[in-house]
Structure formats: structure tokens, C-alpha cells
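So the chains spell out like this:
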Amino acid sequence: MKYYLIVGEASGDLHASRLMHALKEKDPAAEFRYFGGDQMTAEGGTLVRHYRQLAYMGFIPVLLHLPAILQNMKFCKQDIRQWQPDVVILVDYPGFNLDIAKAVKAEAICPVYYYISPKIWAWKEYRIKRIKRDVDELFSILPFEVDFFEKKHGYPIHYVGNPTMNEVGEFLDAVRESDGRQALFPDAVEQKIHRPVIALLAGSRRQEIKDNLPMMVKIAQAFPDFQFVVAGAPGIESAYYDDFLKNTDIILLHQCTYALLHRARAALVTSGTATLETALFDVPQVVCYKTPLPALIGYLRQRVLKVKYVSLVNLIAGQEVVPELVADTFTEENILSELRKIVCSKDDNKQMRHGYARVRAALGSQNAARNAAAIMITLLKRK
């Protein structure tokens, strides 16, 4: 069968590549065409556009690049129409993907499947109307989404497990099997680390890094007994970090995020999948997210957001497991206070790790990509 996939950022590239691998296991004749990235390319098929040509975040960047975004949408619709796939598989990235879903559905080209559903439970809940109209099957990786879509909106979905849970588990299994024989860090980096490590995960996009990393670097000065290490984001070149890290001893590591979390004593993490990854490595963390107009955003957060929390850890647990310093609470004083707690207090860490255990239990042990691939192929064969 012919599969057309669309992702808009690095995490989607990873998850889609795993899904492609699982689809090939079930369907050896699978053909792929996609808007994606390097990890999807490694699985084969045809890369039509790289996600770096799509990934714009925030009102101003989107506005400035609107002609390019619209051109990519137009081209994507034409490309799908010409290739005539058996299914279009959308991965997160709702601003772009829901528009594609509408076009595919209107022309009845093929079924539309959504893998990693849009986070409409947080904001833009009105998009449920478009999902019901244009998406044939929705595959969720977050257990609390089942109640939201099925009970609240009467739209049945498939919870397939969580791919991040699977990826972290595979990494930890490989570490145990190597029994310390395989170095996790490059030798040149290892020689620089003589203190306990605190990880800095400042986001996957340039704007997030620009907003959050300067404060994280400033906080590092108050902890001279620790080595701070930044996890470089996929697709962001090392040179971009230079201005933030100059005149410091903070280390930048690319393509070693899991190795870094395996080594870290604690972490400062920008909200996103990274908060869940940090929890699955059992690393105490403080969630930090700077916003423009913090007082206004803090006010609106209480009245516009549909959920109490912004981190996946707290959302999955259904309670505050990790501290969230967002908008008006994102201050140097607050971050210092919370980081000191998790590097000094065994009781706080114990309580946080109990919360992490609840998160792991809620996610379950299913292999998300294989489970989703099996369901997709079964449904496609029926049709």
C-alpha cells in the first residue's frame, strides 16, 4: 500500500519513522512519500519537503513566513492528489495538517488517519468539529485523551501506547546490555565532567531556546558544584547556542539527550515531550517556560486554557508531580528555589519519583508504533 505522511517538527520525524518501520514489518510492499525529516528518510521512500521548511512557531514568525506556508500547503495537496495514496497519515502539527485533511476528505482521495492527535484539550477545542468531519481514525499516545475525545465529544479513538515510553525503554535496555562497555558521552566531553550533572533542555525550536536558555544559563551560576549540560535540539546547529553559552563552562551536547538524562542528577526542562522523557529517566525536574507579556499570559492561562497543567507529566498523572514555572511564575527567584529543592531534598525527590511511577503505570507497556501500524493495516484492508 501507499502511505503519505506529514510531520512538522523533529519529534514528529522520530515518531513517524518508528511508525514507518512498523508498517514495513506488516506490509513489506509499503511505499512511502512524506513531508518529514532525516529519520524518516533513513526508513526509505521519498522525502518531498523537510520539516525545517515548515516549522515556524509563534504569531510573528508564522505571519512573516505565511507565503511559504501557504505555498507548501498548496504543493502538498497537489502532490497527494497526483500520487493517490491509500492513506494520508498526519502526525501532530495541526495548523498545517487539519487543512490538508480537509482537502483530502473533500476530494475523497483516501482515508485520513491522525497519529499523535492534536492537543485540542489544551486550547482550540473547537477543532473537534474539523477532526470529526475530516479525520477517519485518530490514534492517541496520551491515555487521558480517551475520556476527552470519547466521553466528552463522542468521537471514538485508538489509544495505542506511548512511543516515548518505548524509546526510553529501548535505550535503557541497551545500556543494561552493554554493562558499561559502551561510553554514553564522547571522550572529549567525558574528560570535562568532574561534577554531578544538571541537564538543560531548553526546547526544540529557535524561539523556545532564545526565550528559555538565557535564564537557565543565569541560574547555573548559582550552582558551582554542578556541571550544567545543554541538550542540543535536532536540526539546530551548534553555532546558534554560542552567544548563549559564551564565557561559561556549560557544555553543549548534540544527539545525546537520552545519555544526558541517564547521567543527570536534576534538570531544567522547557515544557513539551522533554518533560515526559525526563520523568521516564526518573530525573527530578523543574519545568520552565518563558512567555511574552508574562502577567497577561498568566492571567489568560487561568481563563483560556482548558487544563490545569502544561507539562505532560502532570497532565498524565492528573496532579502536580513536577513544579511548573510558566509565564508570570517564570522568575529567577522561583527557578532557584525549586532547583535547590530537587538537588538538596531527598523527600521532595522521593515524592516526585512516586509521581513518575504513576505516569509509567498510566502509559502502559504497549509498543505504540507497532500497535498503531497493526490497527491501520487492518482498517485499510477492510476498506
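Here, the structure is the one placed above.
Residues numbered from 1 in each chain as written. Predicted model: local features only at pLDDT ≥ 70, side-chain atom pairs only at ≥ 80, totals over all residues. Heavy atoms only, no water.

Engineer: Quick question: what am I supposed to make of the environment of alanine 233 here?
Structural biologist: Along the chain, alanine 233 turns up in the loop between strand E9 (227-232) and helix H11 (239-245). According to the relative accessible area criterion, alanine 233 is buried, its value standing at 4%. Expressed as a C-alpha distance, the spacing of alanine 233 and phenylalanine 171, which sit 62 residues apart in the sequence, is 18 Å. Setting aside its immediate chain neighbours within four residues, alanine 233 contacts Gly203, Ser204, Ile209, Tyr241 and His254. (Helix = DSSP H or I, 4+ residues; strand = E, 2+ residues; numbered from the N terminus. Buried < 20%, exposed > 50% of the residue type's maximum accessible area, 1.4 Å probe, protein only. Contact = heavy atoms within 4.5 Å.)

Engineer: When you look at the sheet that holds strand E12 (residues 285-289) in this model, what are you seeing that I'm missing?
Structural biologist: Sheet strands line up and pair through hydrogen bonds in the backbone, either parallel or antiparallel. Pairing within the open sheet is parallel, and its six strands lie in the order E10-E9-E8-E11-E12-E13. What marks the edges here is a single partner per strand, and that holds for strand E10 (251-254) and strand E13 (324-326). For this sheet, the mean angle separating the axes of adjacent strands, direction not counted, is 20°. Strand direction decides the pairing type here: strand E8 (residues 197-201) and E9, joined by four bridges, are parallel. Its bridge partner lying in E9, leucine 200 is registered against valine 230. Contacts between helix H16 (residues 332-344) and the sheet are confined to E8, E9, strand E11 (266-269), E12 and E13, with E11 contributing the most and set at about 155° to the helix. (Pairing = 2+ DSSP bridges. Axes fitted to C-alpha atoms, helices over the stretch in contact; angles between N-to-C directions.)

Engineer: I tried to follow the packing of aromatic side chains on my own but got confused; where do I start?
Structural biologist: Taken as a whole, this structure holds 15 aromatic pairs when the rule is applied. Seen from their ring centres, tyrosine 113 and phenylalanine 139 are 5.7 Å apart, and the 55° between their planes marks the pair as tilted. Within this pair, whereas tyrosine 113 is found in strand E5 (residues 112-115), its partner phenylalanine 139 is found in strand E6 (residues 137-140), the two being separated by 26 residues in sequence. Of the two residues examined, tyrosine 113 and phenylalanine 139, each falls in the buried class. Following the ring pairs from residue to residue traces out a cluster consisting of Phe35, Tyr93 and Phe96. Of note, arginine 49 hangs over the ring of phenylalanine 75, and the distance from its end group to the ring centre comes to 4.2 Å. Over the aromatic face of tyrosine 240 sits the side chain of arginine 206, whose NZ or CZ is 4.9 Å from the ring centroid. (Phe/Tyr/Trp six-rings, centres within 6.5 Å; stacked < 30°, edge-to-face > 60°. Lys NZ or Arg CZ within 6 Å of the ring centre and 35° of its normal.)

Engineer: In this structure, what is going on with the nonpolar core? I would like to understand it.
Structural biologist: Grouped burial of nonpolar side chains is what soluble globular proteins tend to show. In terms of nonpolar packing, the biggest core is built from 139 residues, with Tyr3, Leu5, Ile6, Ile89, Tyr115, Leu213 and Leu339 touching the most fellow members. Sorting elements by how many residues they give to this core places helix H18 (residues 368-382) first, with eight residues. Filtering out sequence-adjacent residues up to four positions away, isoleucine 6 remains in contact with Phe35, Cys76, Ile80, Val88, Ile89, Leu90, Val91, Phe96, Asn97 and Ile100. (Core = buried A, V, L, I, M, F, W, Y, C linked by side-chain atoms within 4.5 Å.)

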